[in-house]
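Analysis of the macromolecular model
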Amino acid sequence: MALRKLVAGNWKMHGLSSDLVEVRAIAAASHAYPQVDLALCVPAILIERAARAAPGFAIGGQDVHHADKGAHTGGTSALMLLDAGASLTIVGHSERRDAHRESDDEVKAKAEAALSCGLNVILCVGESLEVRGRGGAVDTVGAQLAGSLPASLDGEAELAVAYEPIWAIGTGKIPTTAEIGEMHASIRASLGSRYGADGAQVRILYGGSVKPSNAGEIFAITDVDGALVGGASLKAADFIPIVEAAAAVEGRGFIA
Ligand code: PEP
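One structure accompanies this document, and this report is about it. (Residues numbered from 1 in each chain as written. Predicted model: local features only at pLDDT ≥ 70, side-chain atom pairs only at ≥ 80, totals over all residues. Heavy atoms only, no water.)

**Points about the packing of helix 9 (residues 212-219) against helix 10 (residues 236-249)**
Interaxial distance between helix 9 and helix 10 falls to 9 Å at its minimum, and their mutual angle equals 25 degrees. Viewed along their axes, helix 9 and helix 10 adopt a mutual orientation that is roughly parallel. In terms of crossing hand, the pair formed by helix 9 and helix 10 is right-handed. Facing helix 9, whose interface residues are P212, A215, G216 and F219, helix 10 presents D238, P241, I242, A245, A246 and V249. (Axes fitted to C-alpha atoms, helices over the stretch in contact; angles between N-to-C directions. Helix = DSSP H or I, 4+ residues; strand = E, 2+ residues; numbered from the N terminus. Parallel < 35°, antiparallel > 145°, perpendicular 65-115°, else oblique. Left-handed = near helix turned anticlockwise from the far one by under 90°. Contact = heavy atoms within 4.5 Å.)

**Here's the deal with the nonpolar core**
Membership of the largest hydrophobic core comes to 70 residues, with the highest contact counts inside it found for V7, L40, I59, I187 and F219. Examining the composition of this core, we find that nine residues originate from one element, helix 10, more than from any other. With near-sequence residues (within four places) excluded, V7 lies in contact with V36, D37, L38, A39, F219, A227, V229, F239, I242, V243 and A246. Listed in part, the twelve residues of the second largest apolar core include L6, L88, A162 and L205. (Core = buried A, V, L, I, M, F, W, Y, C linked by side-chain atoms within 4.5 Å. Buried < 20%, exposed > 50% of the residue type's maximum accessible area, 1.4 Å probe, protein only.)

**Overview of the site of the ligand**
Around the ligand lies a shell of 14 residues, among which K12, E164, G170, S209 and G230 are the nearest. G230 has a polar backbone atom sitting 2.8 Å from an oxygen atom of the ligand. A distance of 2.8 Å separates an oxygen atom of the ligand from a polar atom in the backbone of G231. For the shell around the ligand, a count of residues per class yields four nonpolar, eight polar and two charged. (Near = heavy atom within 4 Å. Polar contact = N/O pair within 3.5 Å; in protein donor to acceptor, adjacent residues only side chain to side chain. Nonpolar A, V, L, I, M, F, W, Y, C, P; charged D, E, K, R; others polar.)

**Here we look at the packing of helix 7 (residues 137-148) against helix 8 (residues 177-195)**
Axis separation between helix 7 and helix 8 bottoms out at 10 Å; the angle between their running directions is 30 degrees. Here helix 7 is positioned roughly parallel relative to helix 8, judged by the angle of their axes. Crossing handedness for the pair helix 7 and helix 8: right-handed. Residues A137, V138, V141, L145 and A146 of helix 7 form the contact with helix 8, whose own contacting residues are E182, M183, S186, I187, S190 and R194. Residues belonging to the contact of helix 7 with helix 8 are distributed by class as follows: seven nonpolar, two polar and two charged.

None of the figures reported here should be taken as evidence of function without further support.
Structure follows, in structure tokens:
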């Protein structure tokens with residue numbers, strides 16, 4: 001059975017007070033698409049202002065520390081994100097796994113810390129171009145999941161997994177629909193092995209160069225339960241057509 005779609009924006013290190021107009025515009029437009037869940041993950045320092053600008057709209061962080069408090073200069077805990085008005089956070093984005101050398105163990109600890117505080121989590125996985133080229137994408141992502149998925153899904157907070165091939169992020173290149181379908185099916189199987197029947201309820205998002213022009217085709221693939229969108233989430237004029245594409249696919253048939 002198809003899951004309700006989630007379209008989440010990742011603003012990365014973009015966003016000033018002057019950009020809150022985009023948050024407001026996206027939140028206002030979201031009322032036209034009640035069949036789709038939406039969220040914007042903004043820089044930690046913008047969360048409180050974004051949450052105030054768009055009451056009731058899901059605002060998220062882009063990373064979280066695994067500890068609840070302590071001597072972690074520059075760190076932001078899950079409770080701090082919640083306190084600022086966030087309802088979700090990304091963990092394990094490839095830019096953090098790469099630039100901040102975050103291991104699967106660390107990503108798992110972050111996901112567990114966030115979920116245990118009631119913060120929804122989007123956990124990212126994805127392969128490099130070199131790995132894709134030598135045919136190791138499915139195994140690599142499987143290993144990332146084995147190492148970074150939280151041990152259980154006991155609490156109220158929701159886990160989603162985002163498949164983000166690193167070579168597709170910000171490049172305009174995307175895998176074929178067959179490659180996305182193969183990977184999402186494999187992720188679904190990993191979720192089933194880890195969580196049993198509950199694994200079928202975990203949404204699997206695709207991320208990497210999602211645009212208004214390709215969103216409809218991507219959302220129609222089996223087990224693509226939404227998208228994590230970087231560049232095209234910065235402006236309502238780009239993001240809303242992607243949401244519209246998700247809404248249009250709801251209730252339609254799926255392609256393999
Ligand atoms: C991302 O950074 O998570 C992402 C998917 O970026 P983009 O949509 O710009 O490729």
